[in-house]
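What follows is each chain in one-letter form.
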Amino acid sequence: MAADPPSKSESTAEAKAKAEAEPEPKAEAKSEPKPKPEPKAEAKSEPKPKAKAESEYILELENVSKLFGTVIALKDVTLRLRRGEVHCLLGDNGAGKSTLIKILAGVHPPSRGTYRVDAAPVSFDSPRDALDRGIATVYQDLALVPLMSVWRNFFMGREPRRTRWGIFRVLDRPQARQIASEKLADMGIQIRDPEQAVGTMSGGERQCLAIARAIHFGARVLILDEPTAALGVKQSANVLRLIARAREKGISVIFITHNVHHAYPVGDTFTLLNRGSSMGTFKKSEITRDEVLNMMAGGQEMADLMSELGVRL
């Protein structure tokens, strides 16, 4: 006999049993959003120490005095030289200009006061110390040997050398002659032959040779002691042009003279000395040429003398 089909109640019971046996699907756990990592605070870099600002003045004398026994050559003189400036030091004979030059050049130490180069106090034991700091002085005698050639005088103890046969250091004459000719040409001096004796050159050309030599060997400060004193009008003009060219190269110049007509055209600042004391420092915009001349010559004294002699202006 055929089996009877399962009743409706039995199929319902079987379905419930299967449903109970099957495990319920687990609800997916909602993953909580991971907290975003807080941005790390940037480590503040410590500010680098700023480089020391370059001083406005390349050379300074502060209340400098110089005594030779009981003789007071300089008394409380202050002088400040800016970079790339022509500073004229003016004064009559006996005003103390030469003593001041020798202090600047390292020949004499100051008896009192402070000498600073690049804002740092210095004490020079010799002119070599000053040269090592870039302070070169061209004296009236120029330190030239008339019987020696131009190139020999240009180098004089600092001649270029080359190696021969890999062992011997010998004088490089061709290079020395070439450098001397080129440097003088840069200063506007065309020489016939670098082998010619310096004694055959004019006074102005000798001045240019001495100045070109100082610039070639790294002078930052050029001190010129009465460079136009023994020169004619044309030669003096050449030296004044040379001073202007040195300023264009960024070289600071101290121009010592007693001739206002030479100082005023090229000078930026003027310091006047009288009997070892400073009468003040003036910019060109603050003083006229006639006022400088009047202060140097002792205007009131000259006026009294002219009145005494009956001279009317």
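Preceding this section is the structure that the text describes.
Residues numbered from 1 in each chain as written. Predicted model: local features only at pLDDT ≥ 70, side-chain atom pairs only at ≥ 80, totals over all residues. Heavy atoms only, no water.

**Side note on the layout of surface pockets**
So, point 1. Taken as a whole, the largest pocket encloses approximately 580 Å³ of empty space.
So, point 2. If you go around the largest pocket, you meet 24 residues; those closest to its centre are Leu131, Ala136, Thr137, Arg158 and Arg213.
So, point 3. Looking at the lining of the largest pocket, the elements that each hand over two or more residues are α3 (127-132), β6 (135-138) and α6 (203-216).
So, point 4. Per-element tally for the lining of the largest pocket: the top contributor is α3, with five residues.
So, point 5. Taken together, the residues of the lining of the largest pocket break down into 15 nonpolar, four polar and five charged. (1 Å grid on protein atoms, 1.4 Å probe; cavity = no way out; pocket = protein on both sides within 12 Å on 5 of 7 lines; lining within 4 Å. Points joined across faces, edges and corners; volume = space filled by probe spheres on them. Helix = DSSP H or I, 4+ residues; strand = E, 2+ residues; numbered from the N terminus. Nonpolar A, V, L, I, M, F, W, Y, C, P; charged D, E, K, R; others polar.)

**A look at the packing of aromatic side chains**
So, point 1. According to the stated counting rule, one finds six aromatic pairs in the structure shown.
So, point 2. Centre to centre, the rings of Phe155 and Phe217 are 6.1 Å apart; their planes meet at 85°, and the pair counts as edge-to-face. Taken as a pair, Phe155 in helix α4 (residues 150-155) and Phe217 in the loop between α6 and β9 (221-225) lie far apart in primary sequence, 62 residues in all.
So, point 3. Taking the relative accessible area as the measure of exposure, Phe155 reaches 3% and is therefore buried.
So, point 4. Relative to Phe270, the ring of Tyr264 lies with its centre 5.4 Å away and its plane at 10°, an arrangement referred to as stacked. Taken as a pair, Tyr264 and Phe270 share a single burial class, namely buried.
So, point 5. Taken together, Phe154, Phe155 and Phe217 form an aromatic cluster joined through their ring pairs.
So, point 6. Of note, Arg158 hangs over the ring of Phe217, and the distance from its end group to the ring centre comes to 3.9 Å.
So, point 7. The positively charged end of Arg164 is found above the aromatic ring belonging to Trp165, 5.5 Å away from the centroid. (Phe/Tyr/Trp six-rings, centres within 6.5 Å; stacked < 30°, edge-to-face > 60°. Buried < 20%, exposed > 50% of the residue type's maximum accessible area, 1.4 Å probe, protein only. Lys NZ or Arg CZ within 6 Å of the ring centre and 35° of its normal.)

**Thoughts on the side chain of Asp225**
So, point 1. For Asp225, the location among the structural elements is in strand β9.
So, point 2. The buried charged residue Asp225 lacks any salt bridge, with Lys97 as its nearest oppositely charged partner at 7.2 Å.
So, point 3. For Asp225, the residues in contact, after removing those within four places along its chain, are Ile101, Val138, Tyr139, Gln140 and Ile256. (Lys, Arg positive; Asp, Glu negative; His and termini not counted. Salt bridge = Lys/Arg side-chain N within 4 Å of Asp/Glu carboxyl O. Contact = heavy atoms within 4.5 Å.)

**Digging into the side chain of Thr228**
So, point 1. Structurally, Thr228 can be placed in the loop between β9 and α7 (233-248).
So, point 2. Reaching out from Thr228, the side chain makes a polar contact with the side chain of His262 at a distance of 2.9 Å.
So, point 3. Thr228 has contacts with Ser236, Val239, Leu240, Phe255, Thr257 and His262, leaving out every residue within four places of it along the chain. (Polar contact = N/O pair within 3.5 Å; in protein donor to acceptor, adjacent residues only side chain to side chain.)

**Examining the sheet that holds strand β10 (residues 252-257)**
So, point 1. The strand order across the open sheet built from six strands is β6-β9-β10-β3-β11-β12, with neighbouring strands paired in mixed fashion. Edge positions in the open sheet fall to β6 and β12 (277-283), since each of these has one partner strand only. Pairwise comparison of adjacent strand axes, ignoring direction, gives a mean angle of 15° for this sheet.
So, point 2. Of the strand pairs in this sheet, strand β3 (residues 86-91) and strand β11 (residues 269-274) are connected by five bridges, and their pairing is parallel. Its bridge partner lying in β11, His87 is registered against Thr269. (Pairing = 2+ DSSP bridges. Axes fitted to C-alpha atoms, helices over the stretch in contact; angles between N-to-C directions.)

**Concerning the pairing of β12**
So, point 1. Note: β11 against β12, six bridges, orientation antiparallel. Within β12, the residue paired with Leu273 across the bridge is Ser278.
So, point 2. Hairpin remark: β11 followed by β12, antiparallel, with two residues in the connecting loop; positive phi at Arg275, about 55°.

**Examining the environment of Leu67**
So, point 1. Counting through the fold element by element, Leu67 comes out in strand β1 (residues 57-68).
So, point 2. With a relative accessible area of 30%, Leu67 lands in the partly exposed category.
So, point 3. In this structure the C-alpha to C-alpha distance between Leu67 and Pro110, which are 43 residues apart in sequence, comes to 8.2 Å.
So, point 4. Excluding residues that lie within four positions of it along the chain, Leu67 makes contacts with Ile72, Ser111 and Arg112.

**Notes on α7**
So, point 1. Between the first and last C-alpha of α7 there are 23 Å, a value that for 16 residues agrees with the 22 Å anticipated at 1.5 Å per step.
So, point 2. Listing the buried residues of α7 in full gives Ser236, Val239, Leu240, Leu242, Ile243, Ala244 and Ala246.
So, point 3. Considering only its buried residues, α7 is in contact with β3, α6, β9, β10 and α8 (260-266).
So, point 4. One or two steps after α7, the chain reaches Gly250, where phi turns positive at roughly 90°. (Expected span 1.5 Å × (residues − 1).)

**Section: a nonpolar patch on the surface**
So, point 1. Taken together, Val145, Leu147, Met148 and Met156 make up a surface patch of nonpolar side chains, about 360 Å² in accessible area.
So, point 2. Relative to the helices and strands, Leu147 is located in the loop between β6 and α4. (Patch = residues over 30% accessible without salt bridge, like charges linked within 9 Å, V, L, I, M, F, W, Y side chains within 5 Å. Areas by Shrake-Rupley, 256 points an atom, 1.4 Å probe, with all protein chains shown as cover.)

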